[in-house]
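So the chains spell out like this:
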Amino acid sequence: MLGTYYYHEIIRRTVIAFGTMFNDIYIRHKDSTGDSISEMKVPLAYGPIQKFLARIEQQPELNKPIAMTLPRLSFEMTSIQYDPTRKANITQTFKTCDGSNLKKVFLPVPYNIGFQLNLMTKLQDDALQVTEQILPYFQPAFNLTVDLVDSIGEKRDIPIILDNVSFTDDYEGDFSTRRILIYTFNFTVKTYLFGPVSETTDGLIRKVQVDMYADTNRQTAKREMRYTVQPDPYDAAPDDNFGFDEEWLSFDDSKTYSPTQQTDI
Amino acid sequence: MSLNPFFLQGSPGEQRLVQDLINEQLKIYGIDVIYIPRKFVRKQTIIKEIQSSKFDDNFAIEAYVNSFDGYGGQGDILTKFGMSLRDELSLIISKERFEDFISPFLEGENSNEIALSSRPREGDLVYFPLGQRIFEVKFVEHEVNFYQLGKLYVYELKCELFEYEDEVIDTSIQEIDTQIEDQGYITTLQLIGQGLLATATSTINTGYIREIYLNNDGYDYTSTPTVAITTAPYGGTDASAVAITTSRAGVYSIESILLTNAGAGYTVTPTITIVGGGGSGAAVTCSIETSRSGISRFAITGNGAGYINSPSVSITGSVGTGETAVGFAVVGAGQSISSIRIINPGVGYTIAPTVTIDPPPVLSGIGTYQFNEEVFGSQSGTRGRVKSWDYDTKVLKVSLVDNAATKGFYAGELIVGAASSAIYLLQSFDTWDQYDKYSENIEIENAADGIVDFSESNPFGTF
């Protein structure tokens, strides 16, 4: 039953979409007269990383003269949990188009993905600057429109909910330990996981034909007029900019259209 | 009195001797470190912290490395925020040496910047030359070797590696200053050293396209269409033109048609059609001039260098009762002029007019930017502080001071050094900090471009 290979990278896309919200945050420092003397974009990265990679990338020549640079933002996925409140009929499918072919997809499964955004700063004021640039956008949710399955262009509004904010400020104790300021923002991202996208035997409707009769007796009535409409150009894709080619025909040959033979008999 | 009066617990002479012995031992067994005092730039009250600091002094002092068998602390660790180096160092320095050779200099400083001068202070920096590392003093223990002969002789500086943010470190010791050259948030500016004037000539003819009329700008021209012009009769020169597209509120259309060659020898008005570009509906006609002469084409004789924006093109020549031609210079690769398009070929010329292209903004960049000086963009007003300047490659690395108004520099503006008066033209700049191996802002942004639909704009701003 299971085993059909597919990988939409939905969780990865959700991670990227979440991260991109926080990659353009600045902090600014001023001198005693109030003039700006420094402006920094806060570096952001996904926290979990292979240890050897971190070592060879961030300490390549083993000659780093300082402990690290601050401020820094990091984020990571902390949980994946089914969301029963958004449950839909699991057997229901919908059809969509990948640009040329019709596809069939089962309704997605709703999942809540927990994210944690961490902020480390040297100064409390830096942390407050960043915090104030983030919090007002979440009331408590902020919607992102994410292309979850690009093969079918399935864009969904994904609410990102700010659950809580906490921080640690280890300023007490002896002077042998450093003061560490870390703010933690916990989020819930309400995303959807899609199953495999399958081909459907149904095709795109490219021609509509309507026959009109002068009588309601289907046994004896013959079609009198026919209206046909098809896209112009005929092979236009659903997303193309196309027109319609309409045609009206009248008949006096006392024939009717046979759907099985697809001709007038 | 309870102490035995026949024994001294340390006479001044004995204390002097011990201090001298310690000083000598430190000079023999110690190493020279650089003590760098912190100067307060801005002190925040209420939520008390020093928001901005600078380190622009240096004092060499001999110190004994207490932790002689290696750094203390946790070493290199991986945190949520990438690599963090938690090395610690314990140094012993002479109390007398500090008071005699460092304190007097600190006393003379601005008291708002130097809050305490009598002793080594927590928050100051120590450059450890063996490891070429910058340590921050986190605690000064003044009672080690507890009152031997009734006196204290040394300070123990308990240090840890410095956490760098945006502090100005300008000690005048290159070995130290260059340590933080690539640290912090850095914007990289590619400047242009030498500009060169572009030159061009013109050719006049009759039977050329006098004017082009864009009767319908069409729609859906998401890419540049081709402009097809019917050929000139035998012996003439075929005209050619390019379409300039524009967009507004998601509607793409043709803004104008510019001649690259007005042609020659046409006796009947040619037909112009717009092909490709994904759109349709554009309609273009033209008129020709068969009796008097106008410019049929421009030829670039010198491409020049250092052009960022299209310079003005002056066309000088007598036209009598006719009309002066107008050209538009196109800036191509390498900041040079690749061609001149004809906006108006003019009419009434009897000899080919002279073409003069305005010079690039700076024909020759001058000066040398100084380390830590402020530079500013002549148009944007954006300010930065020089982290490094490479004269050979013309790469200037700055940490931003203030870009509130424009969010960056403008390509084509002058970058002026406030102290050095160095001036160079900005070719391009990169706000992505390519030296920070932790930051993935640009990777995340690029990956999100194809995933997140910000058609209603990103409220967090654009990267």
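Residues numbered from 1 in each chain as written. Chains lettered and ligands numbered in written order. Predicted model: local features only at pLDDT ≥ 70, side-chain atom pairs only at ≥ 80, totals over all residues. Heavy atoms only, no water.

Draft legend 1. Expanded view of the pattern of salt bridges. Tallying each qualifying case throughout the model produces 38 salt bridges over all chains. In this structure, D87(B) engages R133(B) in a salt bridge whose closest nitrogen and oxygen atoms are separated by 2.5 Å. Placement of D87(B) in strand 6 (residues 82-94) and of R133(B) in strand 8 (residues 133-141) is noted, with a sequence separation of 46 residues between them. R133(B) gets classed as buried once you look at its relative accessible area, which sits at 7%. Among the ionic contacts, a cluster of salt bridges with common partners joins R178(A), E88(B), K138(B), E160(B) and E163(B). (Salt bridge = Lys/Arg side-chain N within 4 Å of Asp/Glu carboxyl O. Helix = DSSP H or I, 4+ residues; strand = E, 2+ residues; numbered from the N terminus. Buried < 20%, exposed > 50% of the residue type's maximum accessible area, 1.4 Å probe, protein only.)

Draft legend 2. How the structure looks around the nonpolar core. By size, the foremost hydrophobic cluster in this structure holds 59 residues, and its most contacted members are F18(A), F22(A), L117(A), F187(A), Y369(B) and L396(B). Residue contributions to this core peak at six residues, all from strand 11 (residues 181-193) of chain A. In this structure, F187(A) is in contact with F18(A), F22(A), I113(A), G114(A), F115(A), L117(A), F138(A), I160(A), I161(A), L162(A) and D163(A), ignoring residues within four places of it in sequence. (Core = buried A, V, L, I, M, F, W, Y, C linked by side-chain atoms within 4.5 Å. Contact = heavy atoms within 4.5 Å.)

Draft legend 3. Fine view of helix 3 (residues 124-134) of chain A. All of the buried residues in helix 3 of chain A are Q124(A), D126(A), A127(A), V130(A), T131(A) and I134(A). Axial view of helix 3 of chain A: buried residues confined to an arc of 160°, hence all on one face. Where helix 3 of chain A is buried, its residues meet strand 1 (26-30), strand 8 (109-121), strand 10 (154-169) and strand 11 of chain A together with strand 3 (49-55) of chain B. (Arc of directions from axis to C-beta.)

Draft legend 4. Geometry of the domain arrangement of chain B. Residue and element names in this part refer to chain B. Each domain of chain B was delimited in the assignment, giving domain 1 (12-177), domain 2 (186-194 + 364-435) and domain 3 (199-357). Once you take the C-alpha centre of each, domain 1 and domain 2 turn out to be 34 Å apart. Tallying the contact residues gives five residues for domain 1 and four residues for domain 2. For the pair domain 1 and domain 2, the summed buried surface comes to about 340 Å²; carbon and sulfur atoms form 50% of the total. The interface formed by domain 1 and domain 2 includes zero salt bridges. (Domains from an automatic or database assignment. Buried area = accessible area lost by both parts, 1.4 Å probe.)

Draft legend 5. How the structure looks around the sheet that holds strand 6 (residues 93-97) of chain A. All names here are of chain A. Strands sit in the order 6-7-12 across an open sheet of three strands; the sheet is antiparallel. Two strands close off the open sheet at either side, each with one partner strand: strand 6 and strand 12 (197-199). With direction set aside, neighbouring strand axes in the sheet form an average angle of 35°. With five bridges connecting them, strand 6 and strand 7 (residues 102-106) associate as antiparallel partners. Counterpart to T96 in the pairing with strand 7 is K103. (Pairing = 2+ DSSP bridges. Axes fitted to C-alpha atoms, helices over the stretch in contact; angles between N-to-C directions.)

Draft legend 6. View of the interface of chain A and chain B. Residue-level contacts link 73 residues of chain A with 66 residues of chain B. The junction of chain A with chain B conceals about 6,500 Å² of combined surface from both sides, 54% of it contributed by carbon and sulfur atoms. Of all residues in chain A, P65(A), K122(A) and R178(A) give up the largest surface area on contact with chain B, accounting jointly for 11% of the area buried on that side. Put simply, chain A and chain B have six salt bridges between them. Between E167(B) and K122(A) there is a salt bridge; the shortest N-O distance is 2.6 Å. Linking chain A with chain B are 37 residue pairs in polar contact (both at pLDDT 80 or more), by the criterion used here. A per-element tally of the side of chain A that touches chain B places strand 2 (residues 36-41) of chain A first, with six residues. Its residues assigned to classes, the side of chain A that touches chain B comprises 33 nonpolar, 20 polar and 20 charged. Relative to strand 10 (residues 163-164) of chain B, strand 4 (residues 68-69) of chain A is paired through two bridges, and the arrangement is parallel. Among the inter-strand pairings, M68(A) is bridged to a residue of strand 10 of chain B, identified as E163(B). (Polar contact = N/O pair within 3.5 Å; in protein donor to acceptor, adjacent residues only side chain to side chain. Nonpolar A, V, L, I, M, F, W, Y, C, P; charged D, E, K, R; others polar.)

Draft legend 7. Helix 1 (residues 12-29) of chain B, seen in detail. Residues and elements named next belong to chain B. In this model, helix 1 (18 residues) spans 25 Å end to end at C-alpha, consistent with the 26 Å of a helix rising 1.5 Å per residue. Buried within helix 1 we find Q15, V18, Q19, I22, N23 and L26. For helix 1, the arc enclosing every buried residue in end-on projection is 135°, short of the 170-degree limit, so these residues lie on one face. Buried residues along helix 1 sit against strand 4 (59-65), strand 6, helix 2 (95-101) and strand 9 (154-161). (Expected span 1.5 Å × (residues − 1).)

Draft legend 8. Just the environment of F135(B), in detail. Here F135(B) is to be found in strand 8. Each residue touching F135(B), except ones within four places of it in the same chain, is listed here: Y71(B), D87(B), E88(B), L89(B), D124(B), L125(B), V126(B), F128(B), C159(B), E160(B), L161(B) and F162(B).

Draft legend 9. Geometry of the sheet that holds strand 26 (residues 383-390) of chain B. Residue and element names in this part refer to chain B. Read around the closed barrel, six strands run 12-27-26-25-28-29, paired in antiparallel fashion. The mean angle between the axes of side-by-side strands here comes to 45°, regardless of whether they run parallel or antiparallel. Relative to strand 27 (residues 395-402), strand 12 (residues 187-192) runs antiparallel, the two sharing four bridges. In the sheet register, Q190 faces strand 27, and the bridge partner there is V395.

Draft legend 10. Region of the structure containing a negative patch on the surface. Residue and element names in this part refer to chain A. Among the surface-exposed residues, D232, D245, E246 and E247 lie close enough to one another that they form a single negatively charged patch. It is strand 15 (residues 243-250) that provides the largest number of residues to the negative patch, a total of three residues. Within the element layout of this structure, D232 appears in strand 14 (residues 223-232). (Patch = residues over 30% accessible without salt bridge, like charges linked within 9 Å, V, L, I, M, F, W, Y side chains within 5 Å. Areas by Shrake-Rupley, 256 points an atom, 1.4 Å probe, with all protein chains shown as cover. Lys, Arg positive; Asp, Glu negative; His and termini not counted. Charge placed at Lys NZ, Arg CZ, Asp CG, Glu CD.)

Draft legend 11. Quick look at the environment of F167(A). Residue and element names in this part refer to chain A. Its place among the elements puts F167 in strand 10. Judged by its relative accessible area of 49%, F167 is partly exposed. Sequence separation between F167 and Y5 is 162 residues, and the spatial gap between their C-alpha atoms is 42 Å. What F167 contacts, discounting residues up to four positions off in sequence, is I182 and Y183.

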